Amino acid sequence: MQWRDELPLHLLQARFQTLLLAPEPREEELPLSLKGAGTLGSEGAVNAYRRMVRARLLGVLRTDYPILAQWLGEAAFRAHAFAYIAARPSSSFTLDGYGADFATWSSSETSDVVSAAIAQLDRAIGDSQEAGLPLRSAGATSEGEARLLVHPSVRFVDGEFNLLPLLTAYQRNAGLPRPVRGRSHLVIGHNHAGVVGIPLSGRARALLGSLSLGIPVEEALEEAAGVSPRRLERWFTALAAGGIISFA
Amino acid sequence: MHRLRERSTQLGLGLGLRGPHFEALEASLPRLGFLELLSENWIDAPARRLRHLETLLPRYPVVLHGVSLSIGSTDPLDRDYLQRLKRLIRETNPLWVSDHLAWTGVRGINTHDLLPLPATEEALRHVVARAREVSEILERPLVLENPSAYLEFPGSMSESEFVARIAEEADIGLLLDVNNIWVSSRNLGFDPLEYVDRMPADRIVQIHLAGHEDLGTHLLDTHGKPVSEEVWQLYARLVRRIGPRATLLEWDADVPPLSSALQELKKAERWLSPELVYAMAG
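Values in this document were obtained by computation on a predicted structure and should not be read as measured data. (Residues numbered from 1 in each chain as written. Chains lettered and ligands numbered in written order. Predicted model: local features only at pLDDT ≥ 70, side-chain atom pairs only at ≥ 80, totals over all residues. Heavy atoms only, no water.)

With 43 residues of chain B at the contact, the number on the chain A side is 38 residues. Counting each side, the surface lost to burial between chain B and chain A is near 3,400 Å², with a carbon and sulfur contribution of 63%. The three residues of chain B that bury the most area against chain A are B:H112, B:Y150 and B:P154, which together make up 19% of that side's buried surface. Run the count over chain B and chain A and you get 1 salt bridge. With a closest N to O distance of 3.4 Å, B:D113 and A:R56 form a salt bridge. Run the count over chain B and chain A and you get 12 residue pairs in polar contact (both at pLDDT 80 or more). Taken together, the residues of the side of chain B that touches chain A sort by class into 18 nonpolar, 17 polar and 8 charged. (Contact = heavy atoms within 4.5 Å. Buried area = accessible area lost by both parts, 1.4 Å probe. Salt bridge = Lys/Arg side-chain N within 4 Å of Asp/Glu carboxyl O. Polar contact = N/O pair within 3.5 Å; in protein donor to acceptor, adjacent residues only side chain to side chain. Nonpolar A, V, L, I, M, F, W, Y, C, P; charged D, E, K, R; others polar.)

Structure below.
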């Protein structure tokens, strides 16, 4: 559809906005009568705005859903986020809370129950951080369908950390938590990338131990009472990235 | 407008208040002419963030700068936003309230980006009417900023004429962002000197300086780099013609330490009269 030289303002704005938010705008929808787009060209200029609009909203979702972002990987997370942006654009003057419905939307729009469960876990952690409260409900099991599983290959090593340099030599995942000082614990498991060793504090060890026994997430989280949500988020991120825990 | 302009000529140099600078600002209280608060960062802000203002508000004159007014949108004005903004005005007592000559969304959607308006008579009449209404609601001088642009819709006048006429006909102030003028001039192919020269001096109450990034195909307004030499030259030309105005450095991405931001801002002294240099003398 070719735009006339001067569309009425309300029509121009509605059409332009549709272009910015659509997952993949059709070429015929691009405004051909733009002028002065200079080195960018009409399509490039529209895409410059598309990138800015979507990058800002993507950034909010990435911040609010760090475990899901790591779990899916960059490309899949972007695709998932862009679908949400197209389906649920912001309607508020503030970006605070834009991602609040992302978890619910993920549950209703995707057949990928694992991603949906992780999104709910992210949301639960985010809510706790916002309220400044310890995590009370992981949310991941609230539907009764998704469960957090500990990989059957997991073994626990409880001991002093002088063993750590040897064991972590098998690590395949970068950016895992640094060992905590003093007596601590190590969880070792296999995943598709090889052997993974992750140092854990005593409470994280207790939490994972409960999960490995099949205790539901909400109940198991009692082992982590008093742990800051941010720290809990780091544990889950590392454990998920290392293939130590999964959702089913 | 005359009193507002007079106040602006005395303010000197200011800095946009950003989170990474809170502590350093509170600890050092550098000599600054004024602070600019991003309205959306402070509307309904949690108590722990508001505490920063307890130290800073008594020390510095403040102006508010928003991104959500959407003055050019064909949606109705967002009354909820305006009421919250008005509450913030009562709390912070700014000299003026600025936002952008742009729209951020329609049909109840907010893209959270500053989208360009066509320079048409219809858009001009629309913005003028809304700007008058907003001024009445806020009961504080309204100032609009020229945004950076990456495309231009078909229109019947140049952007500089569009901006100048809106300021005159709505009886509002202008915040002239010289970095935006440079970025848009390169992206859209107009003469930035002519643009600067056409801006009505008696309407300009504030100037923005910022950095941009050259992506090869276009310039991107990132607020993440030092001010470019071309932008300093535009600033010099503007100040030579209209005299000193409240001048503010914006730095939003890769925010450097406060000392570096102040050093960058200090460069503006080269073009300001000696009696105004007090703002950064400390």
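Residues and elements named next belong to chain B. In spatial order, the strands read β1-β2-β3-β4-β5-β6-β7-β10; together these 8 strands close into a barrel with parallel pairing. Across the sheet, the mean angle separating the axes of adjacent strands is 25° when strand polarity is ignored. Here strand β3 (residues 62-65) pairs with strand β4 (residues 97-100) via 2 bridges, running parallel. Across the sheet, the residue bridging to H65 is S98, located in β4. The strands touched by helix α8 (residues 178-188) are β5 (142-145), β6 (173-177) and β7 (204-209); relative to β6, the strand with the most contacts, the crossing angle is about 60°. (Pairing = 2+ DSSP bridges. Helix = DSSP H or I, 4+ residues; strand = E, 2+ residues; numbered from the N terminus. Axes fitted to C-alpha atoms, helices over the stretch in contact; angles between N-to-C directions.)

Okay, the confidence of the model for chain B next. Note: predicted coordinates in regions of low pLDDT should not be interpreted at a detailed level. Residues and elements named next belong to chain B. In this model, chain B carries a mean pLDDT of 92, and residues with pLDDT of at least 70 account for 96%. Of all helices and strands in chain B, the one with the weakest mean pLDDT is helix α1 (residues 2-11) (81), whereas β4 scores best (98). Confidence over residues 277-282 falls short of pLDDT 50; this stretch has 19 contacts with residues more than four positions distant or in other chains. The ipTM, which scores confidence in the relative placement of chains, is 0.91 for this predicted complex, and the corresponding pTM is 0.76. (pLDDT = per-residue confidence, 0-100.)

All names here are of chain B. Between its first and last C-alpha atoms helix α10 (residues 229-242) spans 20 Å; for 14 residues at 1.5 Å apiece the expected length is 20 Å, and the two agree. Among the residues of α10, those classed as buried are V231, W232, L234, Y235, A236, L238, V239 and I242. In this structure, the buried side of α10 is in contact with β6, α8, α9 (192-198), β7, β10 (246-249) and α11 (258-266). (Expected span 1.5 Å × (residues − 1). Buried < 20%, exposed > 50% of the residue type's maximum accessible area, 1.4 Å probe, protein only.)

The subject of this paragraph is the packing of aromatic side chains. The relative placement of two aromatic rings is captured by the distance of their centres and the angle of their planes. Scanning all chains against the criterion turns up 14 aromatic pairs over all chains. Ring centres 5.4 Å apart and planes at 80° place the aromatic pair A:Y49 and B:Y150 in the edge-to-face group. Here A:Y49 is found in helix α2 (residues 41-64), whereas its partner B:Y150 is found in the loop between β5 and α7 (159-170) on a different chain. The pair A:Y49 / B:Y150 is uniform in exposure class, with both members buried. Relative to A:Y98, the ring of A:Y84 has its centre 5.5 Å away and its plane inclined at 55°; by these criteria the two rings are tilted. In this pair, A:Y84 sits in helix α4 (residues 74-87) while A:Y98 sits in the loop between α4 and α5 (102-109), placing the two residues 14 residues apart along the sequence. Like A:Y84, the residue A:Y98 is buried in the burial classification. Linked through ring pairs, A:Y65, A:F77, A:Y84, A:Y98, A:F102 and A:W105 together constitute an aromatic cluster. Against the face of A:F82 rests A:R54, its NZ or CZ located 3.9 Å from the ring centre. A cation sits over an aromatic face here: B:R270 above B:W232, 5.6 Å from the ring centre. (Phe/Tyr/Trp six-rings, centres within 6.5 Å; stacked < 30°, edge-to-face > 60°. Lys NZ or Arg CZ within 6 Å of the ring centre and 35° of its normal.)

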